[in-house]
Amino acid sequence: MSDLQMLINKIRQFNTERDWSQFHNAKDLALAISIEAAELNELFLWKKAEEADAEKVKEELADIFTYALQLADKYGFDVGQIVADKIEKNALKYPVDKAKGSAKKYNEL
């Protein structure tokens, strides 16, 4: 079993013990990711990136990852596979010879 799958199982067990799975439908998990991402953004608001509290950044990232893993689990997605698939798709959209060192969107390369 992969480390990622063990982590998903640990999250699932945590929620099951508290009977929270009933609240974790796909819509609410997606909303939770967005809300936690906004909380992460707030840590950087009006300051330089290096001024953000690293411990708080870590906490918000953990929340985002937790909800994202739960959402993937809800759909039965293999997280490693969907990320690998997306990297492959992006490699086609952003070929190295056109995209290297550029922040342009794929349709502007």
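Caption draft 1: Just the pattern of salt bridges, in detail. Applying the stated rule across the entire model yields four salt bridges. The closest approach of N and O atoms between Lys58 and Glu55, which form a salt bridge, is 3.2 Å. In this pair, Lys58 and Glu55 both sit in helix α3 (residues 54-75), three residues apart, roughly one turn of the helix. Glu55 gets classed as partly exposed once you look at its relative accessible area, which sits at 49%.

Caption draft 2: Region of the structure containing the environment of Asn9. Residue position: Asn9 is located in helix α1 (residues 3-17). Expressed as a C-alpha distance, the spacing of Asn9 and Val96, which sit 87 residues apart in the sequence, is 37 Å.

Caption draft 3: Quick peek at the layout of surface pockets. When its volume is computed, the largest pocket comes out at roughly 220 Å³. Along its surface, the largest pocket is lined by Ile33, Ile64, Phe65, Ala68, Leu69, Leu71, Ala72, Phe77, Val79, Ile82 and Val83. Those elements that provide at least two residues to the lining of the largest pocket are α3 and α4 (79-93). Here the element with the most residues in the lining of the largest pocket is α3; it accounts for six residues. A breakdown of the residues in the lining of the largest pocket according to their chemical character gives eleven nonpolar, no polar and no charged.

Caption draft 4: Representation of α1 in the model. With 15 residues, α1 extends 21 Å from end C-alpha to end C-alpha; this agrees with the ideal 21 Å at 1.5 Å per step. Close packing links the buried residues of α1 with α3 and α4. Within two residues after α1, Asp19 carries a phi angle of roughly 55°, on the positive side.

Caption draft 5: Just helix α2 (residues 26-44), in detail. In this model α2 runs 28 Å from its N-terminal to its C-terminal C-alpha over 19 residues, within 8% of the 27 Å that 1.5 Å per residue would give. All buried positions along α2 are accounted for by Leu29, Ala32, Glu36, Leu40 and Leu43. The buried residues of α2 all sit within an arc of 80° when viewed along its axis, so they share a single face. More than 90 degrees from the buried face of α2, the exposed residues found are Lys27, Asn41 and Glu42. Elements that come into contact with the buried residues of α2 comprise α3. At the N-terminal end of α2, a side-chain oxygen is found 3.1 Å from the backbone nitrogen of Lys27, two or three residues along, and the residue is Asn25. Residue Trp46 follows α2 closely and has a positive phi angle near 65°.

Conventions we followed
Residues numbered from 1 in each chain as written. Predicted model: local features only at pLDDT ≥ 70, side-chain atom pairs only at ≥ 80, totals over all residues. Heavy atoms only, no water. Salt bridge = Lys/Arg side-chain N within 4 Å of Asp/Glu carboxyl O. Helix = DSSP H or I, 4+ residues; strand = E, 2+ residues; numbered from the N terminus. Buried < 20%, exposed > 50% of the residue type's maximum accessible area, 1.4 Å probe, protein only. 1 Å grid on protein atoms, 1.4 Å probe; cavity = no way out; pocket = protein on both sides within 12 Å on 5 of 7 lines; lining within 4 Å. Points joined across faces, edges and corners; volume = space filled by probe spheres on them. Nonpolar A, V, L, I, M, F, W, Y, C, P; charged D, E, K, R; others polar. Expected span 1.5 Å × (residues − 1). Contact = heavy atoms within 4.5 Å. Arc of directions from axis to C-beta. Polar contact = N/O pair within 3.5 Å; in protein donor to acceptor, adjacent residues only side chain to side chain.

All quantities given are derived from atomic positions and should not be read as evidence of function.
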